[in-house]
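Residue-level structural notes
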Amino acid sequence: MAGKNLYMRFSCSTGDAMGMNMVSKGVQNVLDFLQNDFPDMEIISISGNFCSDKKPAAVNWIMGRGKSVVCEAVIKEEVVKKVLKTTVPALVELNMLKNLTGSAVAGALGGFNAHASNIVTAVFIATGQDPAQNVESSHSITMMEAVNDGKDLHISVTMPSIEVGTVGGGTQLASQAACLNLLGVKGTSLGTPGDNSRLLSTIVAGSVLAGELSLMSALAAGQLVKSHMKYNRSSKAMSKVMFVAA
């Protein structure tokens, strides 16, 4: 309630669809039904932003929206040293000072991570999701701690509002459908309704975890700028390239 205004938040099961259109249709019918019982009720809009769709909001962080996923892994000490070129204590300290404390200093809302949105957006575009819903779907907190007598690294990402579907919308496009097929989640689940979309949400979270581990390791090892200069720059001196008009 806010004065004379009532903001309602509907909770629905939408199977393997992301479900926004399904929910909108259902809510419209509910509003029509309520209008009969309360003829003096004035419907301002089917959406009052309490959803909260395509916008960062504490309500989605706390109550969830779409799928809520926790993904975790234990990375052995030798892998951290040989592959990631850093140490477990360095990663734990960096995560605390960057992802947790640094984000708190910035007043972050759901952004207690290194670059979750990079991964979420890439997977969303590849699998036919709504790229704009990257906003709330990228809500994530990355946690790291030393385990097994301080030798190994435990890393986790908690993502409370991943909005994905495996039917409808962009999932029907050829390239996106091919990606969903590759992941084994295309279409409606033949078992329990929603299994395919739930599996896709865990794939998103797993991908984010891998991305967090990669970037945080590069930062801890001081390799981020060097890597960009080596792999993300053209080897050609563009100022010396001659362009000929057709």
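Just above sits the structure.
The sections below set out a description of the structure shown in this document. (Residues numbered from 1 in each chain as written. Predicted model: local features only at pLDDT ≥ 70, side-chain atom pairs only at ≥ 80, totals over all residues. Heavy atoms only, no water.)

All right, on to the nonpolar core then. Within soluble globular proteins, side chains that are nonpolar tend to cluster in buried spots. Judged by nonpolar contacts, the single largest core of 30 residues is most densely connected at Ile75, Val80, Leu153, Met159, Ile162, Val204 and Val208. Within the residue set of this core, elements represented by two or more residues are β1 (67–75), α4 (88–105), α5 (116–127), β4 (152–162) and α8 (195–220). Look past the residues within four positions of Val208 in its chain and what remains in contact with it is Ala116, Ile119, Val120, Ser140, Val157 and Met159. (Core = buried A, V, L, I, M, F, W, Y, C linked by side-chain atoms within 4.5 Å. Buried < 20%, exposed > 50% of the residue type's maximum accessible area, 1.4 Å probe, protein only. Helix = DSSP H or I, 4+ residues; strand = E, 2+ residues; numbered from the N terminus. Contact = heavy atoms within 4.5 Å.)

For Asp152, the position within the fold is in strand β4. Overall, the relative accessible area of 6% leaves Asp152 in the buried class. Every residue in contact with Asp152, bar those within four places of it in the chain, is listed here: Val74, Ile75, Lys76, Glu77, Val88, Glu145, Ala146 and Val147.

It is worth spelling out the packing of α5 against α8 at this point. Look at α5 against α8: their axes get within 9 Å of each other, and the N-to-C directions meet at 140°. As far as their axial angle goes, α8 and α5 are oblique. The two elements α5 and α8 cross, and the hand of that crossing is right-handed. Between α5, through Ala116, Ile119, Val120, Val123, Phe124 and Thr127, and α8, the contact on the second element is made entirely by Leu200, Val204, Ser207, Val208, Gly211 and Glu212. The residue makeup of the contact of α5 with α8, split by class, is 8 nonpolar, 3 polar and 1 charged. (Axes fitted to C-alpha atoms, helices over the stretch in contact; angles between N-to-C directions. Parallel < 35°, antiparallel > 145°, perpendicular 65-115°, else oblique. Left-handed = near helix turned anticlockwise from the far one by under 90°. Nonpolar A, V, L, I, M, F, W, Y, C, P; charged D, E, K, R; others polar.)

Now for the pairing of β4. Counting buried positions over the 11 residues of β4 gives 10, a clear majority of the element. One ladder, built from 8 bridges, connects β1 with β4; its direction is antiparallel. Bridging across to β4, Ala73 finds its partner in Ile155. Of the pairings in the sheet, the one linking strand β3 (residues 140–147) to β4 comprises 7 bridges and is antiparallel in character. What sits directly across from Ala146, in β4, is Leu153. Hairpin connection of β3 to β4: 4 residues between the antiparallel strands, including Asn148 at a positive phi of 55°. (Pairing = 2+ DSSP bridges.)

Before going further, it helps to examine the state of the cysteines. Considering all chains together, one arrives at 0 disulfides under this definition. The thiol of Cys12 is not disulfide-bonded; the next cysteine sulfur, from Cys51, is found 12 Å away. On the accessibility criterion, Cys12 (46% relative accessible area) is partly exposed. Given the relative accessible area of 23%, Cys51 is considered partly exposed. (Disulfide = S-S within 2.5 Å.)

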